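Breakdown of the fold
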Amino acid sequence: MSVFTSCITSTLQPYVPSTLNPWNAERIRHAYRRLGYDANKATIDASLALAPNDLINQLIDTSLNAQSWPEPVWADFTNDDYANLGFDFDEQTQENHREIFLEVMNQMQTTGLKGRLVLFWSNHFVTRLEDYYASNHLYEYYSTIEEHLLGNFQEFVRTIGKTSAMLVFLNGLENTNNSPNENYARELFELFTLGVDNGYTQNDIVETSKALTGYNHRENWTYPIYFDASTFDNSEKTIFNQTSNYDYDGLIDLLFEERAPQIAQFICKKLYSYFVSATVNETVVTEMATIFVQDFNISNILRILFKSEHFFDSKTIGTQIKSPYDMTMSYLNITNFSLQEDHYEAMVWFNNVLGQQMFEPVDVAGWQGDRDWINSSTLTGRWEILQWTIWHTWNNFNEELRAFAIESSNNSNDPYIVAKSIIDRFMPLELYSIEDYQAATDIFKHNLPENYYENQIWNLQYESVPYQVVLLLLHLIKLPEFQLK
């Protein structure tokens, strides 16, 4: 699989369509793929009428203004509540978690960027569900991400560290005045705000851990964790050469007062790597950081990035490897094929198998993404899962395959045009050669006599068309370009 790795040199100036860099379906689909999980043909066609600036505003505003997921009845339930109601704790907990997983998948298909940022930030402010395994903790963590994912980064940092999920996962629960635990202090600097060894010392970590003490008490293991002054280290702490009796909030304020430029650079580099390219243009990142540091508003810096000539540079398109959720959710969004409810729910399990288990990143540093998603095992797994999905459509919603071909090709009766139109809906860029399209067309033509095509006897109303589309889909999902976005 060939992935472009050279540094993209265009600037952060707004993208202005030109003859060399036209505003077309290819760039529109690029925006939908990177900000969300692709889109169907009707959405892409409608977006052609929008200016680039307006499309980006629409995609961001849709997520920024999306309603929060209604608080479930079990949001505050503890293990005692389940027992009092006569529910099996494990069974009900798994059902509650499934509700959240399905809601995030729904966001991936309806609000795009919001669903993407839920996964991005849960892979930045990492916790692992298996470590705390309580629905109320997961809901608090999820709703915190949902509230702040396009908001102020400083307040995001302040809030996420007080969630019970984080306090359990990174040992804040164990961090007391009598027995300090440095784990959260270290990861707060190393993974969440500054980066490894970036302007802090081991003594800063030790002193910071003291400022973070006090969040140590709960009635039972599924109960919320709360602050208790009796376990707070009420002493003077020297952090970044500043001395005061810092508490949790004071520490976050100090961090952003003293290290704002480093934080901005670190977060902008991470946003760039995720949304643009793993090969980082440091000049562009520094320019982003200079803007971001002014207010730490996430939506504002993303607007600037996504509207730039850098983001829409042709060298940006098709240079990243899809994550499992990129692959499965974009397939569903492109095709709009129906799925039976239990088969849709199985998508959660499929993505787990492929290495992306929601709210269970691989380790505290999170999934590294891009090339790490692909190996001999996961590649064949991707093929098998999409093969299963394709045959599910064939067995249950047969005529949707025909409708997809008609929509893609504007009801053409030329098998080459039909095959190419379907392929191009899934690929970030056109295939390398006409021969590649011709090989796919030959598969699509199946075993029908050639004179059916030559004499225009065949068209998309022909009985064999749904099966022909299946054959083409089974072929295109194995093309290397299919794995790119």
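Residues numbered from 1 in each chain as written. Predicted model: local features only at pLDDT ≥ 70, side-chain atom pairs only at ≥ 80, totals over all residues. Heavy atoms only, no water.

**Overview of helix α15 (residues 282-292)**
Here α15 has its buried residues at V284, V285, M288, A289 and F292. Buried residues of α15 fall within an arc of 140° about the axis and therefore sit on the same side. Among the structural elements, α9 (153-160), α14 (260-275) and α16 (298-306) are those in contact with the buried residues of α15. Here α15 starts with a cap whose side-chain oxygen sits 3.1 Å from the backbone nitrogen of T283, and that cap is N281. (Buried < 20%, exposed > 50% of the residue type's maximum accessible area, 1.4 Å probe, protein only. Helix = DSSP H or I, 4+ residues; strand = E, 2+ residues; numbered from the N terminus. Arc of directions from axis to C-beta. Contact = heavy atoms within 4.5 Å. Polar contact = N/O pair within 3.5 Å; in protein donor to acceptor, adjacent residues only side chain to side chain.)

**Focus on the environment of I160**
On the secondary structure map, I160 appears in helix α9. Between the C-alpha atoms of I160 and Y133, which are 27 residues apart in sequence, the distance is 17 Å. Look past the residues within four positions of I160 in its chain and what remains in contact with it is F125, Y141, T144, I145 and M166.

**What to know about the nonpolar core**
W121, F153, L302, F359, L473 and L476 are the most contacted members of the largest nonpolar core, which totals 144 residues. A total of eight residues in this core trace back to one element, the largest contributor, which is α14. (Core = buried A, V, L, I, M, F, W, Y, C linked by side-chain atoms within 4.5 Å.)

**As for the side chain of S277**
As for its position among the elements, S277 is in the loop between α14 and α15. Classification of S277 as buried rests on a relative accessible area of 4%. Once residues within four sequence positions are removed from consideration, S277 is found in contact with I8, Y272 and Q320.

**Quick look at the packing of α14 against α16**
The N-to-C vectors of α14 and α16 enclose an angle of 45°; their axes lie 12 Å apart at closest approach. Considering the angle they form, α14 stands oblique to α16. Note that α14 runs across α16; the crossing there is right-handed. Counting all contacts with α14, which are made through C268, L271 and F275, the residues of α16 involved are I301, L302, L305 and F306. A breakdown of the residues in the contact of α14 with α16 according to their chemical character gives seven nonpolar, no polar and no charged. (Axes fitted to C-alpha atoms, helices over the stretch in contact; angles between N-to-C directions. Parallel < 35°, antiparallel > 145°, perpendicular 65-115°, else oblique. Left-handed = near helix turned anticlockwise from the far one by under 90°. Nonpolar A, V, L, I, M, F, W, Y, C, P; charged D, E, K, R; others polar.)

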